[in-house]
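# Structural overview
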Amino acid sequence: MKRTIATLILLVLGTGLSQAQMLKFGLKGGVNFANYTGGEISGVDFKTITSYHAGLVVELKVFENFAIQPELLYSTQGSELKGFGDQIKNELGYLSLPLLAKFYLTSNKLSLELGPQASVLVSERNEVDTNDTNSFDFGLAGGLSYKITDGLFVSGRYVAGLTEAKKDADVKNSVIQFSVGYMF
């Protein structure tokens, strides 16, 4: 009887440890190169702004070479508008939730990440008051990630907006992100 109980305890502990290897939490942050795409506004050129993103990462390993990676990020996006006589910077702060499918390509170091991203506008900083920004943004994210060590990783990603960022202009967010992160 004691042997059976000891075996069950070892089995439960072993299962718990193997589950811990399947679920990892982390932090990441980095630089954004953001701009608007689409819509034509006569006499206005869109210029890229440099901004940032930071937040939490979770990786749930489903198979040896496949994982699901939800993230919760604060990300600043937007564009500079040149042509109104002055340059106007429109910086939008979003709370973003990418839900990525992560495919490991080589020995669990290099991975391809693809999936949808939903974002909610939480702040807006303009050099001119426009009040025409939509409060929800939906996009498609894709990129590569590389594990330098067991915890430290770097990644590059492109997020293409699929919904209009502005109510009065047919423009969408477009963001290139470079990140550094650590998984615990």
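Now for a look at the structure at hand. All of these numbers come straight from a predicted model, not from anything done at the bench.

### Quick word on the nonpolar core
Y36, V44, F46, L81, I88, L92, Y94, L121, A165, A169 and V171 form the largest nonpolar core, which has 11 residues in total. A per-element tally of this core places strand β5 (residues 87–106) first, with three residues. Within the second largest apolar cluster, six residues are counted, among which are A34, I49, L100 and V175.

### Section: the pairing of strand β8 (residues 152–161)
Of the two faces of β8, only one is covered, namely that formed by F153, S155, R157, V159 and G161; the face formed by L152, V154, G156, Y158 and A160 stays uncovered. Of the strand pairs in this sheet, strand β7 (residues 136–147) and β8 are connected by nine bridges, and their pairing is antiparallel. Bridging across to β8, Y146 finds its partner in V154. Between the end of β7 and the start of β8, which pair antiparallel, lie four residues. Sheet analysis places β8 next to strand β9 (residues 171–183), joined by nine bridges and oriented antiparallel. Bridging from a neighbouring strand, Y158 pairs with I176 of β9.

### Topic: the pattern of salt bridges
Enumeration over the complete set of coordinates arrives at 10 salt bridges. Close ionic contact of E113 with R157 constitutes a salt bridge, the shortest N to O distance being 3.2 Å. Separated by 44 residues along the polypeptide, E113 in strand β6 (residues 110–126) and R157 in strand β8 bring together distant segments of the chain. Given the relative accessible area of 2%, E113 is considered buried. Classification of R157 by relative accessible area gives buried; the value is 4%. A salt bridge links K172 to D170, with the shortest nitrogen-to-oxygen separation between them at 3.4 Å. Classification of D170 by relative accessible area gives partly exposed; the value is 41%. The structure contains a network of salt bridges with shared partners spanning K28, E59, E71, K102, E113 and R157.

### Regarding the side chain of T133
With respect to the element layout, T133 can be found in the loop between β6 and β7. Among the polar contacts listed, one links the side chain of T133 to the side chain of E124, at a separation of 2.6 Å. Here the side chain of T133 touches K166 through a polar contact of 2.7 Å, side chain to side chain. The residues contacting T133, other than those within four sequence positions of it, are L92, Y94, L121, E124, A165, K166 and K167.

### Overview of the packing of aromatic side chains
Within a pair of aromatic rings, the relevant descriptors are the distance that separates the centres and the angle that separates the planes. Taken as a whole and assessed by the stated rule, the structure comprises six aromatic pairs. Aromatic side chains Y36 and F46 sit 5.8 Å apart centroid to centroid with 90 degrees between the ring planes, which places their arrangement in the edge-to-face category. With a gap of 10 residues between them, Y36 in strand β1 (residues 23–38) and F46 in strand β2 (residues 45–47) connect regions that are remote in the sequence. Using a relative accessible area of 5% as the deciding quantity, one classes Y36 as buried. On the basis of an interplanar angle of 35 degrees and a centroid distance of 6.5 Å, the ring pair of F63 and F66 is categorised as tilted. With relative accessibility at 58%, the residue F63 sits in the exposed group.

Quick notes on the rules
Residues numbered from 1 in each chain as written. Predicted model: local features only at pLDDT ≥ 70, side-chain atom pairs only at ≥ 80, totals over all residues. Heavy atoms only, no water. Core = buried A, V, L, I, M, F, W, Y, C linked by side-chain atoms within 4.5 Å. Buried < 20%, exposed > 50% of the residue type's maximum accessible area, 1.4 Å probe, protein only. Helix = DSSP H or I, 4+ residues; strand = E, 2+ residues; numbered from the N terminus. Pairing = 2+ DSSP bridges. Salt bridge = Lys/Arg side-chain N within 4 Å of Asp/Glu carboxyl O. Polar contact = N/O pair within 3.5 Å; in protein donor to acceptor, adjacent residues only side chain to side chain. Contact = heavy atoms within 4.5 Å. Phe/Tyr/Trp six-rings, centres within 6.5 Å; stacked < 30°, edge-to-face > 60°.

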